[in-house]
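Listed here are the chains, written in short residue letters.
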Amino acid sequence: MGVIRRTGQFVLRVDPILCDGFGHCAELAPELVHLDEWGYPIISSEPVPTADIGTHESARYAVRGCPRQALHIIKIAPPRP
Amino acid sequence: MISARTLPRLFANANSRPLSLADHEETFRPTGAVGSLLEELEASGLVGRGGAGFPTSRKVQLLRAQRGHKYVVVNGMEGEPAAHKDFRLLSTNPHLVLDGAEMLASMIGASRVAVCVARDNPAVVNHVERAIHERAPRNHGPSFDLHTPPWRYVAGEESALVHWLDDNESLPQFRPGRPHILRIGRGATLVDNAETCANVGLIGRYGAQWFRELGTAEHPGSVIVSVTGAIDHPRVLEVSLGTPITTILQSVGADPHPQAVLLGGYGGAWLRGEELATPYCNEALAPFDLSVGAGVLAVLPRVACGVTETQRVVRWMAHESARQCGPCAFGLPALAEDLAEVARGGRDGVAAIKRLTDRCAVIDGRGACRHPDGVVRFVRSSIATFSEDIDNHLRGAPCAGSRSSQHYLTVPALEKESELVWE
């Protein structure tokens, strides 16, 4: 608990059925999320390295701040050497 | 036994009434020279006929690896208003579909088969019910149940269908990773289109070699096509994959050189009149970014206005959204609005066409199911196909077809939103 391995990459993913367009994610993670004209999030699908602490923190904030709990962080394991 | 090289296969001995079990056994008498079911299915190269074109044998193997209770779902919902193939198949040769479902069940080890037919079509429901009843005395395999969800465009989507069986709501589910195993309760579920099941039934009786006698090497077999649009009576016929589209149109008496033909249903795309010599199979259609899809050919004659037709279809598709995901619930009506503005033309239309392309890019891929993606594909293809017509509209000189009250792509009447039935 509490230990985050800073290896590999992650993407933020939204469940579009749960999402009701509160828009908190765009304020909590502006580097990953922007809103469309109806207020629903458009999330960049580019994987971000977990070592990018600032972005990962804001993604975690967005997940916790979502009133519908519609956001998830999908971890992508680093390729085995 | 029915011969390998001639059509019809699935509609063999088809009549206005469904074949009884005895007649069915007589028509499709097994040859006995067939190896193990799964190997035959793999060798046959059958792909799903519901629209996505996923290899059936791969789906079966995915389900075989699962443990516990399993189910087979026969999807005879026919969400496409332009298609009639599943209804026609189930009301002529229901036992062939049920045979295929039984074989699929034995392959994955399922104990129950759920046959789903929309309740809006009571005649077909009756036919299927009678067929299941007829089989009951000599049925040693899985138990058959008939289910009748309400007819909606998205209710035929596989996750919506499984959701209905599981929880009585015809709403699509969010599936983050694909392939994704759908479940009823805890039981893994194999969902296959009725036509796919019927083909499995044929492969189980006659083997892969027989099946491959028709069609192309990559996409063997036959496919059921529903031809609608500018034609006296909508027709359903079985063709061998790889038949040129002009030949199909000629054989049903439609104009072989129309303005365009809509392929794959209302989530599909247009093929221009000049390109209709293309063989009707996925590998030949792939360069046009098209696929066979649900087997719909909707003919748009030269007198019709592509913009108005597209607008009507998109408006209906927007209405058929399950309204679960924001981009679909708000985006699709916005697309329909934009298209109406383009059809009206003038200065507003120029802004609308720009907005339309932007909104298409925003909506694409952001729903839980593929419904919004299909509409976006259709809109994009219409913009590309009818670019001249759109220019005329924007210049304020719309074609004569846009003033006519006759329309060729049929859409059901819009229901009131409060009256939509989802369960």
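Calculation criteria
- Residues numbered from 1 in each chain as written.
- Chains lettered and ligands numbered in written order.
- Predicted model: local features only at pLDDT ≥ 70, side-chain atom pairs only at ≥ 80, totals over all residues.
- Helix = DSSP H or I, 4+ residues; strand = E, 2+ residues; numbered from the N terminus.
- Rg over C-alpha atoms; globule rule 2.2 N^0.38 Å.
- Buried ≥ 20, exposed ≤ 12 C-beta atoms within 10 Å, placed from the backbone.
- Contact = placed C-beta atoms within 7 Å.
- Pairing = 2+ DSSP bridges.
- Axes fitted to C-alpha atoms, helices over the stretch in contact; angles between N-to-C directions.
- Domains from an automatic or database assignment.
- Nonpolar A, V, L, I, M, F, W, Y, C, P; charged D, E, K, R; others polar.
- Arc of directions from axis to C-beta.
- Parallel < 35°, antiparallel > 145°, perpendicular 65-115°, else oblique.
- Core = buried A, V, L, I, M, F, W, Y, C linked by C-beta atoms within 7 Å.
- Expected span 1.5 Å × (residues − 1).
- pLDDT = per-residue confidence, 0-100.

A. View of the overall build of chain B. Scanning chain B for helices and strands turns up 15 helices and ten strands. Relative to the 2.2 N^0.38 estimate, which gives 22 Å for 423 residues, the radius of gyration of chain B is 21 Å and therefore close to what a compact globule would have. Viewed in the frame of its principal axes, chain B has a C-alpha envelope of about 70 × 45 × 35 Å. Going through the 423 residues of chain B one by one, you find that 54% of them count as buried. Contacts spanning at least 24 positions in sequence make up 73% of the contacts within chain B whose residues lie at least 6 apart.

B. Spatial organisation of the overall build of chain A. Counting secondary structure elements, chain A contains two helices and five strands. Secondary structure elements of chain A, listed N to C terminal, follow the sequence β-α-β-β-β-α-β. A compact globule built from 81 residues would reach a C-alpha radius of gyration of about 12 Å, and chain A, at 13 Å, matches this within 12%. Each principal axis of the C-alpha distribution contributes one length, and for chain A these read about 45 × 25 × 20 Å. Across the 81 residues that make up chain A, the buried fraction comes to 25%.

C. Up close: the sheet that holds strand E7 (residues 235–240) of chain B. Residues and elements named next belong to chain B. The mixed open sheet is built from five strands, whose spatial order is E7-E6-E10-E8-E9. Bordering the open sheet on either side are E7 and strand E9 (269–272), each of which pairs with just one other strand. Across the sheet, the axes of successive neighbouring strands diverge by a mean angle of 30°, strand direction being ignored. Here strand E6 (residues 222–229) runs beside strand E10 (residues 296–300); their pairing, made up of four bridges, is parallel.

D. How the structure looks around the domain arrangement of chain B. The domain boundaries assigned to chain B delineate domain 1 (21–211) and domain 2 (306–407). A breakdown of the residues in the side of domain 1 of chain B that touches domain 2 of chain B according to their chemical character gives five nonpolar, two polar and two charged.

E. Main features of the sheet that holds strand E5 (residues 71–76) of chain A. All names here are of chain A. Ordered by their spatial adjacency, three strands build an open sheet running E4-E1-E5, and the pairing between neighbours is antiparallel. The sheet is open, and its two borders are formed by strand E4 (48–49) and E5, each paired with just one other strand. Of the strand pairs in this sheet, strand E1 (residues 9–14) and E4 are connected by two bridges, and their pairing is antiparallel. The partner of Gln9 across the bridge, within E4, is Pro49. In the packing of helix H2 (residues 53–65) onto the sheet, the strands contacted are E1, E4 and E5, and the crossing angle to E5 comes to about 145°.

F. Focus on the interface of chain B and chain A. Counting residues at the interface gives eleven residues for chain B, matched by ten residues for chain A. The element that contributes the greatest number of residues to the side of chain B that touches chain A is helix H12 (residues 326–344) of chain B, accounting for three residues. Residues of the side of chain B that touches chain A, tallied by class, amount to seven nonpolar, three polar and one charged.

G. View of helix H2 (residues 37–44) of chain B. Residue and element names in this part refer to chain B. The complete set of buried residues in H2 reads Glu40, Leu41 and Ser44. Summarising the axial view, the buried residues of H2 lie within an arc of 100°, below the 170-degree limit, and thus occupy one face. Buried residues belonging to H2 abut helix H3 (56–64) and helix H8 (194–211). Trailing H2 by a residue or two, Gly45 shows a phi angle of about 70°, which is positive.

H. Quick look at unusual backbone geometry. Residue and element names in this part refer to chain B. Here Glu78, not a glycine, exhibits a phi torsion of approximately 55°, which is positive. Tracing the backbone through its elements, the reader meets Glu78 in the loop between strand E1 (70–76) and helix H4 (85–92). A positive phi angle, near 65°, is found at Asn168, a position not held by glycine. Tracing the chain through its elements places Asn168 in the loop between helix H7 (158–167) and strand E4 (182–184).

I. Molecular detail of the pairing of E7(B). Residues and elements named next belong to chain B. As defined by bridge partners, E6 adjoins E7 across six bridges and the pair is classed as antiparallel. Note that in E7 the partner of Ser226 across the bridge is Val236. Hairpin connection, E6 to E7: the antiparallel pair is bridged by five residues.

J. Region of interest: the environment of B:Asp166. All names here are of chain B. Along the polypeptide, Asp166 turns up in helix H7. With 16 C-beta atoms counted inside 10 Å, the residue Asp166 sits in the partly exposed group. Leaving out residues up to four positions away in the same chain, Asp166 has contacts with Ile184 and Gly185.

K. Structural context of the packing of helix H5 (residues 94–108) of chain B against H8(B). All names here are of chain B. Close contact between H5 and H8 brings their axes to 7 Å; oriented N to C, the two are set at 75°. With respect to their mutual orientation, H5 and H8 come out roughly perpendicular. In this structure, H5 contributes Leu96, Val97, Asp99, Gly100, Ala101, Met103 and Leu104 to the contact, and H8 contributes Ala194, Cys197, Ala198, Asn199, Val200, Gly201 and Gly204. Looking at the contact of H5 with H8, its residues break down into nine nonpolar, four polar and one charged.

L. Highlighting the nonpolar core. Ranked by internal contacts, the top residues of the largest apolar core, which has 125 residues, are B:Val73, B:Leu104 and B:Val261. Both of domain 1 (21–211) and domain 2 (306–407) of chain B provide at least three residues apiece to this core. Beyond its immediate chain neighbours, meaning those up to four positions away, B:Leu104 contacts B:Val60, B:Val72, B:Leu190, B:Asp192, B:Cys197 and B:Val200. Counting 15 residues, the second largest nonpolar core, distinct from the first, contains A:Leu12, A:Cys19, A:Val33 and A:Leu71.

M. The arrangement of H2(A) in detail. Residue and element names in this part refer to chain A. Along its 13 residues, H2 runs 18 Å from first to last C-alpha, staying within 8% of the 18 Å computed at 1.5 Å per residue. Every buried residue belonging to H2 is among His56, Ser58, Ala59 and Ala62, and all of these are buried. Looking straight down H2, one finds its buried side chains confined to an arc of 165°; they lie on one side. Exposed and oriented more than 90 degrees from the buried face of H2 are Ile53, Gly54 and Arg64. Elements that come into contact with the buried residues of H2 comprise E1, helix H1 (24–28), strand E2 (33–35) and E5.

N. Representation of the confidence of the model for chain B within the structure. In the predicted model, chain B carries a mean pLDDT of 87, and 99% of its residues have values of at least 70. If you check the scores for this complex, the pTM reads 0.92 and the ipTM reads 0.89.

O. Up close: the environment of B:Arg5. Residue and element names in this part refer to chain B. Within the element layout of this structure, Arg5 appears in the segment before helix H1 (21–27). Taking C-alpha positions, Arg5 is 8.4 Å from Trp210, a pair spaced 205 residues apart along the chain. Those residues within four positions of Arg5 in sequence are excluded, and the remaining contacts are Glu213 and Leu214.

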